[in-house]
Every structure is written in structure tokens, then in C-alpha cells.
Amino acid sequence: MSKPENNVRQDVCGSTSRQNTEAYVQILGTGMDTQETSPSVLLFFNNERFIFNAGEGLQRFCAEHKIKLSQVDHICLTRVCSETAGGLPGLLLTLAGIKNGSPESTEHVDIWGPPNLDLLVNAMKNFVPHATMVKAHIIPRSDNVMVHGNGAALASSLHAEELQAEGKFKAVSISAILLTPTDLLDGSHFSSNDTSIVYICNLHDIRGEFDPRKAKACGLKKGRKLGQLQNGISVKSDLLDIEVHPDDVIGPPIPGPIVLIVDCPTEPHAQELLSAQALNAYYSDSQSNSPETTKVVNCIIHLSPATVVSSPVYERWMRKFDSAQHIMARTTREHETTPILESSARIATRLHYLCPQLFPAPSLLSVQNDGVAAPNFKGSISKVCGISAENLLKFTLRPPRRLGLDRSSVQNQMTSSVFIKELLSEIPEIADAAKNMSTFWHKPKEDEAELFTRQDSEVMTGDPSLAGHAAPRCMKNVQRDDLEIVFLGTGSSIPSKYRNVSSIYFNLFSKGGLLLDCGEGTLAQLKRRYGINGADSAVRNLKCIWISHIHADHHAGLARILALRRDLLKGVPHEPMLVIGPEQVGEFLKDYKKLEDLDMLFLDCRSTTVAKWDDMEADSMNDESRDHTVLTSLSEDSSLLRCSKRMKPSTPVDDIKLLKRFKKVLSEAGLVRFISFPVVHCPEAFGIILESAERMNCGTVVPGWKVVYSGDTRPCSEVIEASLGATILIHEATFEDGLLEEAITRNHSTIKEAIEVGRSAGAYRIILTHFSQRYPKVPALDEVSIQRTCIAFDLMSVNLADLPVLPKLLPYLKLLFRTRELI
């Protein structure tokens, strides 16, 4: 594998076809938007596609902009961590479905990365069923070490490693240089994350133009010999007694353009970059290079953080390239207002216009407008022709006449005012609808309570579950800082333009927060809802994360959230994050922790069932620290006890500290119940019951709220029993009613089935989520269902105090989406 990068492959194709071939490099995320977490780059060479880094949000970005990830041949990682590979599991699952990956399939995706790549691939095998379609290529570290003038050991990459795969790289050669900080070479502090990669992408040369006049002067006639000359073969002249060589009739070759993808996460990496001898041939200021031997770099895409890029060492390295166009993928452009997902932002803005109480204004602005200062590059970057990257910005490589920057695909500037103007033009009556909606939040408390009681009594149809369904007692004088439920992802399977995959944030305000499921892009959704500072605060104050089952659309964003919390709390006294989930999620996290520390503890969902709590109470009567109030409330519900005993007993929990940590989480969050229960979906799939503690109101004890989340499931008695008397039932509704057979096959629920579960349990409000990404608009609901049901949308924020108003939203949503489909 270790060939010097400077080996040149000759292009044997005709010059005309090669010169007209399209090739470019394109930015798929700048890494500095409030909505996304890391930059990715697409290289398109003669119908071969290479993705450099696969951060979270890549699939949504490509779906928004109609970029076909199904045609990706190679995924090249500059580093292996949640920042650069957070979107990889979801991308592989999508590609597996598109390419029909199976153990018998011969198709596979080539993944290239540093030595810790195998740790990621091994961890993903816990939930990526088509792992056999992944072919991982480990790029080894160089063992070349030289001694610096001061006697210190200094690593020096003497050669670049050329990427090779059978039948691949037909139009481009790609080589890699590994960077490892020199102070880590002794291994004492070495981490697998300390290695990053610089990729060198070199298109093959184009053979020069054939000159028919020179051919005629050499005595050549039209025919086969001209083709031989174009293919580099010397021939005998037809009319003269001479041998004609290709150089006699063909002009000089056009050198293939060169692109560097550079990722230096720290300044020590930048120092290593500066000393890498493998790059000497590309430096225009190198004394050992002549103009004839210097390889001209046309474009450098910098994935390095702004703090590194602006350092003197990095600047000195950049100055070694005279004519290269520098594109800085992690710097902020001034007055950034264009959202990275325009379709999603348009709908969020429309929903906010209609009902700002349930749909707060989405965060569309860049970090510069979020109270975070943009890096200052005055002088240094401008002197080396550096520009800040923009989403979809291209650098054209072929045809040669178009070499250079191309902004034709860059989005036009869009703002909330533009979206609202479009809305009022399409649906003029929406202005009156918004005014009507606003009145629901300005009614006197007495009139409001009377209205809710009358409203619920009107829907009585003889069904006992509907009789007297007035606001529950926990709603009495409820405060707005008690509970808010934020739907971060309301779609299923894969992220789409309009709906992200599953995640729900429980904002308990001063008591912290909880995450129920954590699909890919959860962090980006938090940023869209709260901005960067607000998202950091939410992650910093999380009490625990609960995962319903092993499917990737429910947990693939977990590592990114945990890594951010780890970084935010570095140097601050804190306890590890408690993650609760099925056993397979624990296995994934155990394997992933070999890649990077996530600062977390794992507890199996089976340890949080009613039966398990009952067993622990019997075994721990002598534990003076046990909270008998919590245990009693957990074991009183006999209906839940019956359903949980149908499960296999879980393995004993030996770590008392883990149990105490869980009890502390409950206490800090103000919860008296946190119960996982089995549902009908895949092995080890769970739903959850959350119940808050009682509170005093004017000397009267007011019961706490009860929220049940079904996870993914078929309608089942377990969910009905768990939801008895629930304040809110959040139930999946993946399929429309006409697709019952598919819902049964896939162990999901239809919309009608989900509503019936809530009605049977007497839940006060039913919120439907986890919709198939194929569905347009708002589903049709009958008059009875509409009285207690609401459809969830991404970033919808439901405050406990707003539950009485919630069903009134549906008629207005139908108006809002009457002309625009959600596909």
C-alpha cells in the first residue's frame, strides 16, 4: 500500500473526452452553523464520489439539496470521533438499503481512516446489520522519526500512503499523510484520537491536444496510426522514412489539478504538518524544487478549527503555497442568515407565525449572531487568498477552462421575513387564523377552565373512556416552569428535509432535563431550538438519557451529545451521564468507549422495570439510604407489575453506586416514577412512564403529572396499562390508516391505532409522532379523535400549561399545509 504519492499515472483516453469531464470539490457543511456540528466535503471525479468526513446532519443536508449519497464509492475520515463520523452509522444503513447490502452481496462501501477506524467499525456492528458491506482500510502510522536540532524526537512523514482499491480510482489518485503530535510518540499519553489525516487528491494528467497539421508534416495519413499515437505508441510515417513519436504530434500534457483536505485539530498537529517531508514536492517556496518538478496545488480545504488556522505555525505552512485557493470550512461569514436546511426552516417559520406559543422562532442565525465571537483573520488569511466556506460552494477542477471557484449552487440569502411573505401570498387567510390562535392564550383562567370542561363533555358518545374528560387535577394552577416537552425529531427511519429522526427533550427548567431517544442530529435540533448557547446549557444540565431500542434512528446521536457534555464539563466537578437503554445499546457504548471517552454510566432498561424495583426492595431492606417513598410508588401499580413479569429477569446490578446515581437523578429531576416497560417492536424494545412528585397548591396536595412515551411499537396492552390516567401519551404513528398490513409487518402503529390506545387508557392528551417520512400534510382525524389529539412537528414545544389548548391547533394546521406537502 505504501507507494510514494508522486508516482504519476498517464491518462490513455482521448484529450477531448478528458477535458470535458466534470470534476469538482464541494462543501457539504461549514461546521460553523448553529444547525450543524461538523464540516463534510464531497469530491466528484468522473462519476466517482468521495465523501470526506460524515458528520451528523449529512443525510439531511444531502436530501435538502438533492445530492445522491447512493452513488458514494468511498468515505474518507480525517479523524475518527463523533464529530467527524457521527453521521456514518445512519449513512451506512441508508446505503445498505439502497445497494441491497447483504452477506451475499458483492457491493461494499470503502471507508478509509486512521488506525482507530477498526474500533468504530467494530462498535457499529452492534446495530448495523449490513456490516459485511463495509470494507475498512486502515491507513498505518509512519514510523519515520528524525532528530530535531535541539535533540527532541520529531516525527516526519517521508511518504504519503496511496489509497488503493481494486477497480477504483480510475480518474484520481488519493494519498494520505498521518499527523500525530510529536510529544505523544513515546506512547505514554497516546490516544487513538490523536491521529489526523491530510488527504492529497490528484486528478490524472490530460494528454495534450493532437495537432493534425504536425501529423501531416510528419507524413501521416488518416487512419489507425493516429489513434496509436494518441495512446502513446510511436509509429512509422506513411510518406517519410522516419519514426513518428507521440510528442511530435501531441502537445504537452495538462497537469491534473491537486486538492488537499487538511484537518489539524490542535497546534501540535499543525507543527507536525509543517515538518511533514511528504509535502515538500508541493511547496512553491521549496529550494529543492524546480518549476518543472513542483506539483501545483490548486485548492486547499481547511477543516482545522479557527484557533489553529490563525496560529503562526499554521499560517507559515499556508504561505508555502503561492497559487492555491484556501477555503476555510470552519470560519464564520459576517451576517450569516441563510439556514442550512431551508425547507425545514421554512416550515418552522410558518408554524411559528401561526402559533408562536407552541412553535418558538427557530434559530436561523450564525454563531456570530448568537453571542459567540467569530474568529478574526484580519491580515493572515487575506494575505494567502483564504475565503470562508459556504454551503454548496464548489471548486471546479475539470474541465480546465472552468478551473476555480463556483458559487452557482450556493443558496440565496433567506430570512424569516421572506418565508412569511411567501406564506401570506399563498394563504392570505392565515393572518386571521394566527389572530384566532392567539386568543386561546389570553382567556381569563375561570373562563378557560369552564371552556375546557364544556369542550370535553361535548364529545361524550357513550364510551366510558371519554366521559367527563376534563383537565386533570395536576393542571390546577400549573406553572410554566414545571414541564415543557420539545419534539426534536418526529420522523422515522432516516432523516429527511422536514422531519429529523426520533428524539424528545423534557425541559424540567430548574430541575434540569431528560432526553428520550437520541437519533442522529439531536444536537443540531437542540441548536435550532435554543441556539448554540442554549443548546450547550441544555446538554450541560441533562440528568439522564433514555433509549427505547437498538435501531439507529433512536440512538445514533448519542455519542455526539455525550462528547459535547464531556467537553463542556471538563475541569468542572460533575458526575458521569447516566444512560439507560436496552442491553445492545450498552454493548455499543462499551465498544465505542474504546474509541473516545464519553464520561457516562450505563443502566439496562430491565433494571428500571417495576418487577426489578420490587426485587431490589426485597433484597435491600437493610439499606438505610433507600428511598421508601420512591420504591413504594414504583411497586404499587399491579397492572404494570403483571406486564413486566412477562420479561426475563435481568442480570443483578452489582454496582451500588450506579443505583444510587439513578436514585439521585430521580430526586434531582423531581420524579417519583421512571419505569421502563416492554413493547411489541423488536427484541428488547421499551416504552417509559415518567411521573412527577406531588406539589402543594394553596394548602392542597396536587398530584404530579404522568407522561408515557411508547417508543416504537404495535398497539399493545402494555402501553394501554402504562397509560391509564396519563396526562400525556406520546405514541408513535408511523403509518397512515390505509397501510395497516405494512404496520403489522414492521411492528409499528397506524394513526388510528395510536389514537385508540390513548382513548382506551383515558389519556388526557395524545401526541402522535414518529411519522413515516413519506407523508404529506396533516392526517385526517375524526371529530372525536380531534378533541384530545395533536400532531407533533419538529421543534414543537408543548408546555404543560398549554395542554387544554393543544387539540385546537389541528384545524389551523390543516389550513397551513393545504398547499404544501411534507415530502
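Described in the following lines is the structure provided in the data block. Keep in mind the model is a prediction, meaning the values are calculated, not measured.

**With respect to the layout of surface pockets**
When its volume is computed, the second largest pocket comes out at roughly 710 Å³. Forming the boundary of the second largest pocket are 31 residues, of which Ser 492, Ser 493, Ile 494, His 551 and Asp 553 lie nearest the centre. A total of three residues in the lining of the second largest pocket trace back to one element, the largest contributor, which is helix H4 (residues 88-98). Here the lining of the second largest pocket is built from residues that sort into 11 nonpolar, 14 polar and six charged.

**Here we look at the pattern of salt bridges**
All chains considered together, the criterion is met by 28 salt bridges. Taking the shortest distance from any N to any O, the salt bridge between Glu 691 and Arg 673 comes out at 3.7 Å. With Glu 691 in strand S27 (residues 686-692) and Arg 673 in strand S26 (residues 671-678), the pair connects residues that are 18 residues apart, well separated along the chain. Overlapping salt bridges bring together Lys 543, Glu 575, Arg 661, Lys 664 and Glu 668 as one network.

**Points about helix H14 (residues 416-426)**
Here H14 has its buried residues at Phe 419, Ile 420 and Leu 423. All buried residues of H14 project into a common sector of 95° when viewed along the axis, lining one side. The outward face of H14, more than 90 degrees from its buried face, is lined by the exposed residues Ser 417, Lys 421 and Ser 425. Elements that come into contact with the buried residues of H14 comprise helix H12 (342-354), helix H15 (430-439) and helix H27 (810-816).

**Remarks on a nonpolar patch on the surface**
Where nonpolar side chains cluster on the molecular surface, the patch consists of Leu 239, Leu 240 and Ile 242 and spans about 260 Å² of accessible area. Note on placement: Leu 240 falls in the loop between strand S12 (235-236) and strand S13 (243-244). By relative accessible area, Leu 240 is classed as partly exposed at 38%.

**Some words on empty space enclosed by the protein**
Scanning the entire structure with this criterion turns up 10 cavities of 30 Å³ or more. Of the volumes computed, that of the largest cavity is approximately 110 Å³. Residue lining of the largest cavity: 15 residues in total, with Pro 89, Ala 556, Ala 559, Phe 588 and Tyr 592 positioned closest to the centre. Within the residue set of the lining of the largest cavity, elements represented by two or more residues are helix H3 (82-85), helix H5 (117-124), helix H18 (558-568) and helix H19 (583-592). Taken together, the residues that form the lining of the largest cavity break down as 10 nonpolar, three polar and two charged. Along its surface, the second largest cavity is lined by 10 residues, and Ser 344, Ile 347, Tyr 498, Phe 793 and Asp 794 are the ones closest to its centre. Class assignment of the residues belonging to the lining of the second largest cavity gives a composition of seven nonpolar, one polar and two charged.

What counts, and at which threshold
- Residues numbered from 1 in each chain as written.
- Predicted model: local features only at pLDDT ≥ 70, side-chain atom pairs only at ≥ 80, totals over all residues.
- Heavy atoms only, no water.
- 1 Å grid on protein atoms, 1.4 Å probe; cavity = no way out; pocket = protein on both sides within 12 Å on 5 of 7 lines; lining within 4 Å.
- Points joined across faces, edges and corners; volume = space filled by probe spheres on them.
- Helix = DSSP H or I, 4+ residues; strand = E, 2+ residues; numbered from the N terminus.
- Nonpolar A, V, L, I, M, F, W, Y, C, P; charged D, E, K, R; others polar.
- Salt bridge = Lys/Arg side-chain N within 4 Å of Asp/Glu carboxyl O.
- Buried < 20%, exposed > 50% of the residue type's maximum accessible area, 1.4 Å probe, protein only.
- Arc of directions from axis to C-beta.
- Contact = heavy atoms within 4.5 Å.
- Patch = residues over 30% accessible without salt bridge, like charges linked within 9 Å, V, L, I, M, F, W, Y side chains within 5 Å.
- Areas by Shrake-Rupley, 256 points an atom, 1.4 Å probe, with all protein chains shown as cover.

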